[in-house]
Amino acid sequence: MDDNIVRRKRAVGLLLLVCGALIYLAGLWPVCQTLCQKGYFLGVIVMMGFPVLIHYDQTDNERLLTHCKYLLLFGSGMLFVGLWNIELSPVMKVTCLLAVGVCLYGTDMYASYCESE
């Protein structure tokens, strides 16, 4: 693949990752009263991004990949429970879910084109 195309796609992936994370955290920041709540939602997004990055690692360790799938499932559950219990308008809850999806898609896109270098 052309080097300029790969650079552009990596930049788009990184932009999606950063924008999704900022929208997610900016939407939740005013609602979360304590630092513990803010850390919970930041930890959820980091925990969900880790398995996406590990997926592109060149290890043939099936056990690690299985654990990463469980980690992604666990992070998704924590996100849904956290958004269910926080006092936020339904529109903002959906916006936060979409922002996490964009963030994970950007992480996947960035990681997939980093490997091609």
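Just so you know, these numbers come straight off a predicted model, no measurement behind them.

Caption draft 1: Broad picture of empty space enclosed by the protein. Overall, the coordinates contain one cavity of 30 Å³ or more when judged by the stated rule. Size it by volume and the largest cavity reaches roughly 30 Å³. Contributing to the lining of the largest cavity are Leu25, Leu28, Trp29, Cys32, Gln37, Lys38 and Phe41. Mapped by element, the contributors of at least two residues to the lining of the largest cavity are helix 1 (3–28) and helix 2 (35–54). Along the lines of polarity and charge, the residues of the lining of the largest cavity split into five nonpolar, one polar and one charged.

Caption draft 2: The layout of surface pockets, seen in detail. Looking at the largest pocket, its volume works out to about 150 Å³. If you go around the largest pocket, the residues you meet are Val31, Gln37, Tyr40, Phe41, Gly82, Asn85, Ile86 and Glu87. Put simply, the parts of the chain that give the lining of the largest pocket at least two residues each are helix 2 and helix 3 (62–85). In terms of residue count, helix 2 provides more of the lining of the largest pocket than any other element does, three residues in total. Residue composition of the lining of the largest pocket, by class: four nonpolar, three polar and one charged.

Caption draft 3: Looking closely at helix 1. Along its 26 residues, helix 1 runs 38 Å from first to last C-alpha, staying within 8% of the 38 Å computed at 1.5 Å per residue. For helix 1, the full list of buried residues reads Val6, Gly13, Gly20, Tyr24, Gly27 and Leu28.

Caption draft 4: View of the packing of aromatic side chains. Within this structure, the stated rule accounts for two aromatic pairs. Between tyrosine 24 and phenylalanine 41, the ring centres sit 6.5 Å apart and the planes meet at 70 degrees, which makes this aromatic pair edge-to-face. Of the two residues, tyrosine 24 is situated in helix 1 and phenylalanine 41 in helix 2; the sequence distance between them amounts to 17 residues. The burial state of tyrosine 24 is the same as that of phenylalanine 41; both residues are buried. Centroid distance tyrosine 40 to phenylalanine 41: 5.2 Å. Interplanar angle 90 degrees. Geometry classified as edge-to-face.

About the criteria used
- Sequence order sets the numbering: in each chain, residues are counted from 1 along the sequence as written.
- Reporting in this predicted model follows two pLDDT cut-offs: at least 70 for local features of residues, and 80 or more for side-chain atom pairs to be given and counted; totals over whole chains, interfaces and linings ignore these cut-offs and use all residues.
- Water and hydrogen atoms were dropped before computing side-chain values, which therefore reflect all heavy atoms in the structure.
- Using a grid of 1 Å spacing that covers the protein atoms alone, one calls a set of points a cavity when a 1.4 Å probe fits there but cannot get out, and a pocket when the set is open and has protein on both sides within 12 Å along at least five of seven lines; lining residues are those with an atom within 4 Å of a point.
- Grid points are joined across faces, edges and corners, and a volume is the space filled by probe spheres set on the points.
- Numbering of helices and strands runs from the N terminus, with a helix taken as a DSSP run of H or I at least four residues long and a strand as a DSSP run of E at least two residues long.
- Gly is put with the polar residues, along with every residue not named as nonpolar or charged; the nonpolar set is Ala, Val, Leu, Ile, Met, Phe, Trp, Tyr, Cys and Pro, and the charged set is Asp, Glu, Lys and Arg.
- Expected helix span is computed as 1.5 Å times (number of residues minus one).
- For the exposure calls, accessible area comes from a 1.4 Å probe over protein chains only, and a residue counts as buried if that area is under 20% of its type's maximum, exposed if over 50%, partly exposed in between.
- Only rings of Phe, Tyr and Trp enter the pairing, Trp through its six-membered ring, and a pair is recorded when the two centres are within 6.5 Å. The plane angle decides the type: under 30 degrees is stacked, over 60 is edge-to-face, the rest tilted.

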